[in-house]
Amino acid sequence: MDALLLIARLGLAAVFGLAAVGKFLDLKGSQQAVEDFGVPRRFAALIGLALPVVEALVAIFLLPVGTARYAAIVGFLLMAAFVAGMVWNLRQGKTPDCHCFGQIHSEPISVMTVARNGLIGLVALFVVIAGWSDPGYALLGWVDGLSGFEWTLLVLTLLLIAGVAGLGWVVLQMLGQNGRLLLRLDEMERSLDAVAAGEPYQAVAPESGRPNDPVLGLPVGEKAPDFRLKGVHGETMSLASLLAADKPVLLVFSDPGCGPCNALLPSVSRWQQDHSETFLTAIISRGDVAANLEKSRQHGLGMLLLQEDREISNAYKSPGTPSAVVVNADGTIGSPLAGGAEKIRDLVQQLNRTGGRLPVEAPAPPPAPASPKPASRPQPSPSPAIGSVAPDLALKDLAGNDVQLRDLFTRETVLIFWSPTCGFCQRMVADLKAWEKNAGEDDPQAIVITSGSIEANEAFRFASIVLHDPETQAMRLYGTSGTPTAIKISADGKVASELRVGQPGVMSLLGVESAVPTPAAPEPVKIGEPAPPVVLDDLNGDEFDLGSQAGVETAIIFWNPGCGFCSRMLDDLKAWERERPDSAPELVLVSTGTVEANAAQGLDSPVLIDHGFRIGRSFGASGTPSAVLIDADGKVASRVAVGAQGVFDLLGKPKTK
């Protein structure tokens, strides 16, 4: 019995010691895990710091005979508290990250984690009860009386403890070396590329006998590379669609086979849910769809997008995972690349402290090596100087007629550079139409130069001249790369102002010095909260109020007739309408696009037009197709489901004949 008690004490000491070390290595993650378990935020920081301290003390005081029983009592109480917290959260339908071993190992709680902690608690209880009067052999001076079997058992136990400790050390070293190795490989690749191109290469200057880590990521303020990627639920998302919510976007580069990435995913899921009013979080991963889909379901992730290999990571100069970067709402890089879980968490904290207002200034990078630039879209020219002749260009209007830009400069003119998918543009539609309605003879004329499809631009029904520029040639000629921007041209065809950016700048050129401020986007609602009001016109122009559906469970699908994945699920959605399940909710589609394009879809359910995707954003949706369920009391009953599969999971399977 004395040998068994000693082995139990040593085993418990190893477990508590390893848990304490892992938590000390990721204190912020430990404090966040405590808060996720339901502890109020004002206490979570203190408890998250105290917990590894207590675990370390338990591990130390389990070794001496005189203190072992008391340390075992504390260990048992800790395990009982952990098990109670896990059971409570599981009964609430929550699976927060256990963070049991901190940076060494972390996973969402489950029945298995409850069983594991319960078993550790039973071992501690065994030491308390069986060893109350005699906790077993002392750590030293006890080996003389051991039998052969006890010697064998002791040696195997010590080997097991040494193996666990060694494995933990190796894991920690690998976590630390992984990022440094990737940086070195990136540096080597850059040097090899320069040598292959026959160009000189300047290595990063050494400091104190060690080379500096190369500066990672794109420069703050540079235009973020665009992308268009498929999600794990079949949806397609682009950078432009993410930025349509007029918020910064945190891009997290991950990999399903990356251990530190998997440990970070519970935090990423939490950021997506808790901070969506400040910024959006999108994960860019790679590899097998099924593996990534499993991660998405396990952690409750949204907006998990897949690159073919590492093409998007390379475009953002991200050499390893996990890493993250902020893209500002105007499409520019808002932060240096954060490499590793700790730096990513620091970046998220900074986003929350500043309310999403970036950029964050990066340290000055070392001189960049000369290397050939990859082929890319043409960059904007410098903005034309005031008094210079306005650049000319041949474009077409929305009817397809050829128009020479200079022929329109017969009076003072404001050129407005526009995009129908730009959230900032959509927010100023009402102001621009109000100006058109009230403009007098002394006011300048407005010419909207827009990208996007003809149909999307026709839906705005501007009274001003609208010219179609799908390749954004005019924007480059006038030195702008974002929308909405504007510049004034005099009646003699000369530049009369600098470029003005954003709604206030555009409206000021039109003579509206204080445009009516756009109200802030409502915070995305959570399950159990009242649903935001949905009052929109249907395809017949009649007002539809979702509040009139009181007493009926309703599913809202956020839709876009121009979305490829919406088109792919259209036939299945019609089949669902024909063979609606008995328990199915009522269906309402909230769609962008034109009335004509939506009518051509041929759906029987009500279709409401929401040009600016205002309703979708109020529910926390960021793309199409997606859906949310509203219960009979008018409260949100589900998270936003993304992609065709997620939508049909909410709707239920159609009847089969």
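The structure presented is a predicted model; accordingly, all values stated were derived computationally and were not measured.

Trainee: When you look at the overall build of the protein in this model, what are you seeing that I'm missing?
Mentor: Along the protein, the regular secondary structure elements total 20 helices and 23 strands. Burial statistics for the protein: of 657 residues in total, 47% are counted as buried. Counting only contacts in the protein whose residues sit at least 6 apart along the sequence, the fraction spanning at least 24 positions is 68%. Approximately 31800 Å² of the protein is accessible, and the part contributed by carbon and sulfur atoms is 58%.

Trainee: Please explain the packing of helix α8 (residues 259-274) against helix α11 (residues 341-353) as it appears in this structure.
Mentor: Packed helix pairs are characterised by how far apart their axes lie and by the angle those axes make with each other. Look at α8 against α11: their axes get within 11 Å of each other, and the N-to-C directions meet at 10°. One element, α8, and the other, α11, form an angle in the roughly parallel class. α8 and α11 meet at a crossing whose hand is left-handed. Residues Leu264, Ser267 and Trp271 of α8 form the contact with α11, whose participating residues are Ala341, Ile344, Arg345 and Val348. Along the lines of polarity and charge, the residues of the contact of α8 with α11 split into five nonpolar, one polar and one charged.

Trainee: Help me understand the pattern of salt bridges in this model?
Mentor: All chains considered together, the criterion is met by six salt bridges. As a salt-bridge pair, Lys23 and Glu55 come within 3.3 Å of each other at their nearest N and O atoms. Remark: Glu55 occurs in helix α3 (residues 41-61) and Lys23 occurs in helix α1 (residues 2-24); sequence separation between them is 32 residues. Of the two residues, Lys23 and Glu55, both sit in the buried class. In this structure, the salt-bridge partner of Arg406 is Asp392, at a minimum N-O distance of 3.4 Å. Taken together, the residues Arg406 in the loop between β11 (402-404) and β12 (413-418) and Asp392 in the loop between α11 and β10 (394-397) connect sequence positions 14 residues apart. Taking the relative accessible area as the measure of exposure, Arg406 reaches 53% and is therefore exposed. What you see here is one network of salt bridges that share partners, running through Asp255, Arg286 and Asp309.

Trainee: So what exactly am I meant to see when it comes to the pairing of strand β6 (residues 280-285) here?
Mentor: Regular strands have side chains that alternate between both faces of the sheet. The buried fraction of β6 is high, at six of six residues. Because side chains alternate across β6, one face comprises the buried residues Leu280, Ala282 and Ile284, and the other comprises Thr281, Ile283 and Ser285, equally buried. Of the pairings in the sheet, the one linking strand β5 (residues 249-253) to β6 comprises five bridges and is parallel in character. Bridged to Leu251 within β6 is Ala282. Since β5 and β6 lie parallel, the crossover through α8 that links them has a hand, and here it is right-handed. Pairing analysis gives three bridges linking β6 to strand β7 (residues 304-306), with the strands arranged parallel. Looking across to β7, one finds that Ser285 is bridged to Leu306. Taken together, β6, helix α9 (residues 289-299) and β7 form a β-α-β motif whose crossover is right-handed.

Trainee: Help me understand helix α13 (residues 429-438) in this model?
Mentor: Residues three or four positions apart in an α-helix share a direction because the helix packs 3.6 residues into each turn. Within the span of α13, buried status applies to Val429, Asp431, Leu432, Trp435 and Glu436. Projected down its long axis, α13 carries its buried residues within an arc of 165°, all on one side. Structural note: α13 exposes Ala430, Lys437 and Asn438 on the side pointing more than 90 degrees away from its buried face.

Trainee: Help me understand the side chain of Asp610, please; the structure alone is not making it clear to me.
Mentor: Structurally, Asp610 can be placed in the loop between β21 (607-609) and α19 (614-618). Polar side-chain contacts of Asp610 include one of 2.8 Å to the backbone nitrogen of Ile615. When neighbours within four sequence positions are excluded, Asp610 is seen to be in contact with Leu536, Val590, Ser591, Thr592, Ile615 and Gly616.

Trainee: Just checking my understanding: could you explain the packing of aromatic side chains for this structure?
Mentor: Aromatic ring pairs are defined here through the distance separating the ring centres and the angle between the ring planes. For the structure on display, the rule yields seven aromatic pairs. Ring plane angle 50° and centroid distance 5.9 Å describe the contact between Phe253 and Tyr316, whose orientation is recorded as tilted. Residue Phe253 is located in strand β5, and its partner Tyr316 is located in the loop between α10 (311-315) and β8 (323-327); the two are separated by 63 residues in the primary sequence. This pair shows no difference in class: Phe253 is buried, exactly as Tyr316 is. An angle of 90° between the planes, with centres 5.3 Å apart, marks the rings of Trp418 and Phe462 as edge-to-face.

Trainee: I'm lost on α9 in this one. Help?
Mentor: Turning to α9, its buried residues are Asn292, Leu293, Lys295, Ser296 and His299. Each buried residue of α9 sits inside an arc of 155° when the element is viewed along its axis, so together they form one side. At the N-terminal end of α9, a side-chain oxygen is found 3.1 Å from the backbone nitrogen of Ala290, two or three residues along, and the residue is Asp288. Count one or two residues on from α9 and you reach Gly300, which has phi positive near 70°.

Trainee: Can you help me understand the environment of Ser453 in this one?
Mentor: Among the secondary structure elements, Ser453 is positioned in the loop between β13 (445-450) and α14 (454-458). We classify Ser453 as partly exposed; its relative accessible area is 35%. Spatially, the C-alpha atoms of Ser453 and Pro420 are 8.2 Å apart, while their sequence positions differ by 33 residues. One polar contact links the side chain of Ser453 to the main-chain amide nitrogen of Ala456, over a distance of 3.0 Å.

Trainee: Whenever I open this one, the environment of Met428 confuses me. Can you help?
Mentor: Along the chain, Met428 turns up in the loop between α12 (423-427) and α13. Exposure remark for Met428: the relative accessible area of 0% places this residue in the buried category. Met428 sits 76 residues away from Pro504 along the chain, and the two C-alpha atoms are 9.3 Å apart. Leaving out residues up to four positions away in the same chain, Met428 has contacts with Trp418, Pro484, Gln503, Val506 and Met507.

Trainee: Could you clarify how one ought to interpret the side chain of Thr485 in this entry?
Mentor: Tracing the backbone through its elements, the reader meets Thr485 in strand β15 (residues 485-489). The exposure class assigned to Thr485 is buried, which follows from its relative accessible area of 2%. Among all residues touching Thr485, those that are not within four sequence positions of it are Leu415, Ile416, Phe417, Thr480, Arg500, Val501 and Val506.

Trainee: Help me understand the sheet that holds strand β14 (residues 465-468) in this model?
Mentor: Whenever strands of a sheet pair, they do so through backbone hydrogen bonds, lying parallel or antiparallel. With mixed pairing, the seven strands of this open sheet are ordered in space as β11-β10-β14-β13-β12-β15-β16. Both outer strands of the open sheet, β11 and β16 (500-501), are each paired with one neighbouring strand and no more. Relative to β13, β12 runs parallel, the two sharing six bridges. What sits directly across from Thr413, in β13, is Gln445.

Thresholds, definitions, all that
- Residues numbered from 1 in each chain as written.
- Predicted model: local features only at pLDDT ≥ 70, side-chain atom pairs only at ≥ 80, totals over all residues.
- Heavy atoms only, no water.
- Helix = DSSP H or I, 4+ residues; strand = E, 2+ residues; numbered from the N terminus.
- Buried < 20%, exposed > 50% of the residue type's maximum accessible area, 1.4 Å probe, protein only.
- Contact = heavy atoms within 4.5 Å.
- Areas by Shrake-Rupley, 256 points an atom, 1.4 Å probe, with all protein chains shown as cover.
- Axes fitted to C-alpha atoms, helices over the stretch in contact; angles between N-to-C directions.
- Parallel < 35°, antiparallel > 145°, perpendicular 65-115°, else oblique.
- Left-handed = near helix turned anticlockwise from the far one by under 90°.
- Nonpolar A, V, L, I, M, F, W, Y, C, P; charged D, E, K, R; others polar.
- Salt bridge = Lys/Arg side-chain N within 4 Å of Asp/Glu carboxyl O.
- Pairing = 2+ DSSP bridges.
- Right-handed = clockwise from strand over helix to strand, strands pointing away.
- Arc of directions from axis to C-beta.
- Polar contact = N/O pair within 3.5 Å; in protein donor to acceptor, adjacent residues only side chain to side chain.
- Phe/Tyr/Trp six-rings, centres within 6.5 Å; stacked < 30°, edge-to-face > 60°.

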